[in-house]
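# Summary of structural features
Here's the letter readout for the chains.
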Amino acid sequence: MSNHGSTRARVLHWFVRGGVAKTADGRSFPIDVDPVVVGRDSGVNIAIEDPEVSAIHCELRAMDHGILVRDLGSTNGTFIGPMRVHEVVITSPTDISLGSTRINVEPSTKQRVDVGFADHFGPLVGTSPKMRRVFGILEKVAATPLSVIILGEAGTGKEVVAKAVHDHSPRKGKPFIVLDCASIPPTLAESLLFGHEKGSSPSATERRKGALAEAHEGTLFLDELGELPLDLQPKLLRALSEKQVKRVGGSTFEPIDVRVLAATRRDLGAEMNAGRFRSDLYFRIAQVRIELPALRERLADLPFLVEDICKRVDRPKQAPAVLAWIEQRLASHDWPGNVRELVNVASVAATLADTPGAIDDVLTLAREQGDAGSEPATAFGEAKRTAIASFEREYFAMLAKRAKGNVSEMARQSGMERHHVRAYLRKYGVDRGSVG
């Protein structure tokens, strides 16, 4: 991956308006860019003993222009005066009300947050303050045994972050096991997580390890943690706390040594308040929180991302042309698919950059793949569809060969999540077993 060494000193600090939160009982809590969570649960930053306050009620954090107050799906709401607020930025001293409790939030003048020098971490690149801060945190926590939860919209690269943390940890070279909680059939969930003994169910024809045992001495990445069935959550918490698992149908425990990383798109605060996710499991896993910004919040990183993507598809010299096309044609685009969408667009553009007009012709379709039915049934439209399919088939065949069929490596090189890589392999019949 590229090392943008020339940009290392470009952005070293982030100037935000922090402040302080003061409770009625005289406690004071500093507010900076890391979220300060307020609620009744003992695991939050500001614990409130008020039955009208939800376990995970709201959060406070420093922003460029003031202090963000965000309700986390509380039952009784967060109020400023008579107004119930979901998300608001406070720019002057203000009382917020949670149940019968008031907290005074006082913004300060702008303060400097050191975001470090790093402009990359593993395959991740960026020079924006938000990404530099993420890289700084990742550098510090990767070598520790701490559990990490990675938050962010779809396409921001949560699995890429998890793999990079594993690769920079003492567990590198040991198993990196991915369990996608969103795709687990409810009837198989316990077996997939803990394993099973032969004969424990009609489908259990042999003794098998679960994801926790497979990750022994390595890392278990729980993708879409918020989708984990509620009845499994206390069992997972017990296994992590006691460092041992018992297979379904078994009578003995086996020790495990596993570091857990997790990711979710869900608002777990709201899920906990609704009783769909256990707060004790959340705080056990969320020893460190990493929040990945959406691409629209880090558009300054586009040149570095495009350069990196063009190198991945072996078209490094096309980066200036691709960036120029994106800046000209997609200036107002808000990138709802985030970095994953940029990877798709820039990969196609880099491949077609040698053919005049081809980027405009083909990428019109690439950006509208989710609305393919609106494309007129014309020879031109069919030609575009054929070009896109040809590119995708060639790209994933080449990727499979380069990664020797390893889906995790393919995901790393492409900047995509594993299940999206697998979907493309199935779509074009790319046989991972036949590549060498």
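Scroll up to find the structure this text is about.
What you see is a predicted model; the values in this text were computed from it and never measured.

The rules behind these values
- Positions within a chain are numbered from 1, following the residues in the order the chain's sequence is written.
- Only residues with pLDDT of 70 or above have their local features reported here, since the model is predicted, and side-chain atom pairs are shown and tallied only from 80 upward, although totals for entire chains, interfaces and linings are computed over all residues.
- Side-chain numbers here rest on the full set of heavy atoms in the structure, without hydrogens or water.
- Helix and strand labels come from DSSP, where a helix needs a run of H or I of at least four residues and a strand needs a run of E of at least two; each type is numbered from the N terminus.
- Each residue gets one of three labels from its accessible area relative to the maximum for its type: buried under 20%, exposed over 50%, partly exposed in between, using a 1.4 Å probe on protein chains only.
- Whether two residues are in contact is decided by their heavy atoms: any pair within 4.5 Å suffices.
- Being paired, for any two strands, means DSSP has found at least two bridges between them.
- Stacked, tilted and edge-to-face pairs are distinguished by plane angle, under 30 degrees for stacked and over 60 for edge-to-face with tilted covering the rest, among Phe, Tyr and Trp rings (Trp via its six-membered ring) whose centres lie within 6.5 Å.
- Each residue after the first adds 1.5 Å to the expected span of a helix.
- The angle between two axes is taken between their N-to-C directions and runs from 0 to 180 degrees, where each axis is a line fitted to C-alpha atoms and a helix contributes only its stretch in contact.

What follows deals with the side chain of Ser-169. Residue position: Ser-169 is located in the loop between helix H2 (158-167) and strand S15 (176-180). Taking relative accessible area as the criterion, Ser-169 reaches 8% and is therefore assigned buried. Residue contacts for Ser-169: discarding those within four places in its chain leaves Ala-142, Ala-143 and Arg-259.

Among the five residues of strand S5 (residues 58-62), five are classified as buried, and the element is accordingly described as predominantly covered. Going residue by residue along S5, you find Cys-58, Leu-60 and Ala-62 tucked away on one face and Glu-59 and Arg-61 tucked away on the opposite face as well. Direction of pairing for strand S3 (residues 36-39) relative to S5: antiparallel, over a ladder of three bridges. Each bridged residue has a counterpart across the sheet, and for Val-36 the counterpart in S5 is Leu-60. In this structure, S5 lies alongside strand S6 (residues 67-71), joined through five bridges in antiparallel fashion. What sits directly across from Glu-59, in S6, is Arg-70. Here S5 folds back onto S6, and the loop between the two strands holds four residues.

Inspection of every chain in the model, using the stated rule, returns four aromatic pairs. Geometrically, the ring pair formed by Tyr-282 and Phe-283 is edge-to-face, given 5.1 Å between the ring centres and 80 degrees between the ring planes. The exposure class assigned to Tyr-282 is buried, which follows from its relative accessible area of 7%. Plain terms: the ring middles of Phe-396 and Tyr-424 are 4.5 Å apart, the flat faces sit at 10 degrees to each other, and that makes the pair stacked. Taken together, the residues span a long stretch of sequence, with Phe-396 in helix H12 (residues 379-402) and Tyr-424 in helix H14 (residues 418-428) at a distance of 28 residues. Accessibility expressed as a relative area gives 3% for Phe-396, which makes it buried. The class for Tyr-424 is buried, based on a relative accessible area of 15%. Every member of this aromatic cluster is reached through a ring pair, and the members are Tyr-395, Phe-396 and Tyr-424.

Our focus in this paragraph is helix H1 (residues 129-141). Spacing of three or four residues puts side chains on the same side of an α-helix, whose turn is 3.6 residues. Here H1 contains 13 residues, and its C-alpha end-to-end distance of 19 Å stays within 8% of the 18 Å for a straight helix at 1.5 Å per residue. The set of residues buried in H1 consists of Met-131, Arg-132, Arg-133, Val-134, Phe-135, Gly-136, Leu-138 and Val-141.

Of note in the backbone geometry, Glu-224 takes a positive phi value of approximately 50 degrees without being a glycine. Under the relative-accessibility criterion, Glu-224 is labelled buried at 7%.

Let us look at the sheet that holds strand S18 (residues 219-223). Taken in spatial order, the five strands make up an open sheet running S15-S18-S21-S14-S22, and their pairing is parallel. This sheet does not close on itself; its edge strands, each paired only once, are S15 and strand S22 (288-291). When the angles between neighbouring strand axes are averaged without regard to direction, this sheet yields 20 degrees. Note: strand S14 (residues 148-151) against strand S21 (residues 259-264), four bridges, orientation parallel. Note on S21: the bridge partner recorded for Ile-149 is Ala-262. This element, H1, spans S14, S21 and S22 of the sheet and lies at about 150 degrees to S22.

This is a description of form; function is not addressed.
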